[in-house]
Amino acid sequence: MAKMNFGGVVETVTTREEFPLEKAREVLKNETIAVLGYGVQGPGQALNLKDNGFNVIVGQRQGKTYEKAVADGWVPGETLFSIEEAAKRGTIVMCLLSDAAVLDVWPRIKSDLTDGKALYFSHGFAITWPDRTGVVPPKDIDVIMVAPKGSGTSLRRLFLEGRGINSSFAIYQDYTGKALERTLALGIGIGSGYMFETTFEREAVSDLTGERGSLMGAIQGLFLAQYEVLRENGHTPSEAFNETVEELTQSLMPLFAEKGMDWMYANCSTTAQRGALDWMTPFHDAIKPVMKKLYESVKTGNEAQISIDSNSKPDYRENLEKELKALRESEMWQAGAVVRQLRPENA
């Protein structure tokens, strides 16, 4: 593992050059990797591992997702099993179920986590708040994590493009003395571009904060606030959407993704530069108290409990669809649907 300077702070990272795929295959050559759950992260990680030459099986309950696994080439009774059977067969059990599903399944799989096995997560949720989740691993197994910094869909797409996605990794419990090499091998196997070290708790807290903050929750709130102000002052839906969302996602985000915010500012008009530099501080000062409140809610486990309580309700999917339908049918995102149709590549 290499030491790299991130803005003045030295961190440990692992790259493909340091831990090549051939080494990963050697480390895991005698392992059976059981991927539990074929929903969000499961397909990408399972298929990437399979394509990279590892011995992989999938555990999924019957239903539409099971049928998707069959369509993807997993063979019932050979490489596709029930969740419980896959956990029994695997020497590395990759728990890629939703957080709510982990709570339901845990009592049925924990007895299959026998001496020397590894329990793998891609999210620190279940381990970080055991008083709320009930997930307390046996002492005679490794407990490890690789958390891709993106969706399972992105993980698979970038893998097929010959690229990769950065991931964090953590060791919670090293019983065998091989937990680190197992973790790094799995991270390379699923297609990580590079991996940086964290802990289960830091990953869980930062992930929940990010989802509720700049990655998803806050950005929708910001978009809607600006869109509403423009509309309330006579701007048309197409103009309001283009100035709020379309220009950001299609023009500006690629610029600062490529070379940083300063470079994006430097490549905008002088009017835009001045406005951005003048207004970034008022926005920071207004938003930071909300971010502090959010972080505290995550850190104390309050957000975890809200998620557990909500996702455990029998009508969760029905209520979720109502909320998403309202979002989808809002004027802003209906305008967005038309704007997307008008992109040159969709003409």
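Quantities reported herein were computed from a predicted structural model and do not represent experimental measurements.

Criteria and cut-off values
Residues numbered from 1 in each chain as written. Predicted model: local features only at pLDDT ≥ 70, side-chain atom pairs only at ≥ 80, totals over all residues. Heavy atoms only, no water. Helix = DSSP H or I, 4+ residues; strand = E, 2+ residues; numbered from the N terminus. Rg over C-alpha atoms; globule rule 2.2 N^0.38 Å. Buried < 20%, exposed > 50% of the residue type's maximum accessible area, 1.4 Å probe, protein only. Contact = heavy atoms within 4.5 Å. Areas by Shrake-Rupley, 256 points an atom, 1.4 Å probe, with all protein chains shown as cover. Pairing = 2+ DSSP bridges. Core = buried A, V, L, I, M, F, W, Y, C linked by side-chain atoms within 4.5 Å. Salt bridge = Lys/Arg side-chain N within 4 Å of Asp/Glu carboxyl O. Phe/Tyr/Trp six-rings, centres within 6.5 Å; stacked < 30°, edge-to-face > 60°. Right-handed = clockwise from strand over helix to strand, strands pointing away.

Visitor: Before we go on, may I ask you to explain the overall build of the protein chain in this structure?
Guide: Assigned secondary structure in the protein chain consists of 17 helices and 10 strands. Against the 2.2 N^0.38 benchmark of 20 Å for 347 residues, the protein chain shows a C-alpha radius of gyration of 22 Å, consistent with a compact globule. With the C-alpha coordinates of the protein chain rotated into their principal frame, the extents come out at 65 × 50 × 45 Å. Split into buried and exposed, the 347 residues of the protein chain put 39% on the buried side. In the protein chain, of all internal contacts separated by at least 6 residues, the share reaching a separation of at least 24 is 68%. When the accessible surface of the protein chain is totalled, it reaches about 18,700 Å², and 55% of it is carbon and sulfur.

Visitor: Teacher, can you tell me more about the sheet that holds strand S3 (residues 33–36) here?
Guide: Two orientations exist for strands paired in a sheet by backbone hydrogen bonds: parallel and antiparallel. As summarised here, the arrangement of the 10 strands in space is S1-S2-S10-S9-S8-S7-S6-S3-S4-S5, forming an open sheet in which the pairing is mixed. The open sheet has two edge strands, strand S1 (2–6) and strand S5 (80–81), and neither has a second partner. In the sheet, strand S7 (residues 118–121) pairs with strand S8 (residues 142–148) via four bridges, with the strands oriented parallel. Bridge pairing in S8 links Tyr-120 to Ile-144.

Visitor: In this structure, what is going on with the side chain of Gln-173? I would like to understand it.
Guide: Position of Gln-173 among the secondary structure elements: in strand S9 (residues 165–173). Note on Gln-173: relative accessible area 12%, which makes it buried. Other than its neighbours up to four places away in sequence, Gln-173 contacts Pro-138, Lys-139, Asp-140, Ile-141, Asp-142, Val-143 and Ala-179.

Visitor: Can you walk me through the nonpolar core in this structure?
Guide: Looking at soluble globular proteins, one finds that nonpolar side chains tend to be buried together. Ile-33, Trp-74, Met-94, Tyr-120 and Leu-186 are the most contacted members of the largest nonpolar core, which has 34 residues in total. Tallying contributions element by element places helix H9 (residues 179–189) first for this core, with five residues. Ala-34, Leu-36, Ala-87 and Leu-97 belong to the second largest nonpolar core, which has 26 residues in total.

Visitor: Would you mind going over the pattern of salt bridges with me for this structure?
Guide: Any two side chains of opposite charge can pair if their charged atoms end up close together. Counted according to the given criterion, the structure contains 20 salt bridges. Of the charged contacts, one joins Glu-321 and Arg-328 as a salt bridge, the two residues approaching to 2.9 Å between their closest N and O atoms. Assessed through its relative accessible area of 38%, Glu-321 is described here as partly exposed. One continuous salt-bridge network, built from bridges that share partners, spans Glu-31, Asp-142 and Arg-182.

Visitor: Mind showing me how you'd approach the packing of aromatic side chains here?
Guide: When we look at a pair of aromatic rings, we describe it by the centre distance and by the angle of the planes. In this structure the tally under the stated criterion is six aromatic pairs. Taken together, a centroid distance of 6.3 Å and an interplanar angle of 55° make the contact between Trp-279 and Phe-283 tilted. Remark: Phe-283 and Trp-279 occur in helix H14 (residues 270–299); sequence separation between them is four residues, near one turn of the helix. Classification of Trp-279 by relative accessible area gives exposed; the value is 55%. Grouping aromatic residues by their ring pairs yields a cluster made of Phe-121, Tyr-172 and Phe-200.

Visitor: So what exactly am I meant to see when it comes to the pairing of S7 here?
Guide: Working note: regular strand, side chains alternate between the two faces of the sheet. Burial of the side chains of S7 extends over both faces: Ala-118 and Tyr-120 are buried on one face and Leu-119 and Phe-121 on the other. Two strands pair when backbone bridges link them, and strand S6 (residues 92–95) and S7 are joined in this way by four bridges, in the parallel orientation. Across the sheet, residue Met-94 finds its bridge partner in S7, namely Tyr-120. The parallel pair S6 and S7, bridged by helix H5 (residues 99–109), forms a crossover whose chirality is right-handed.

None of this, on its own, says anything about what the molecule does.
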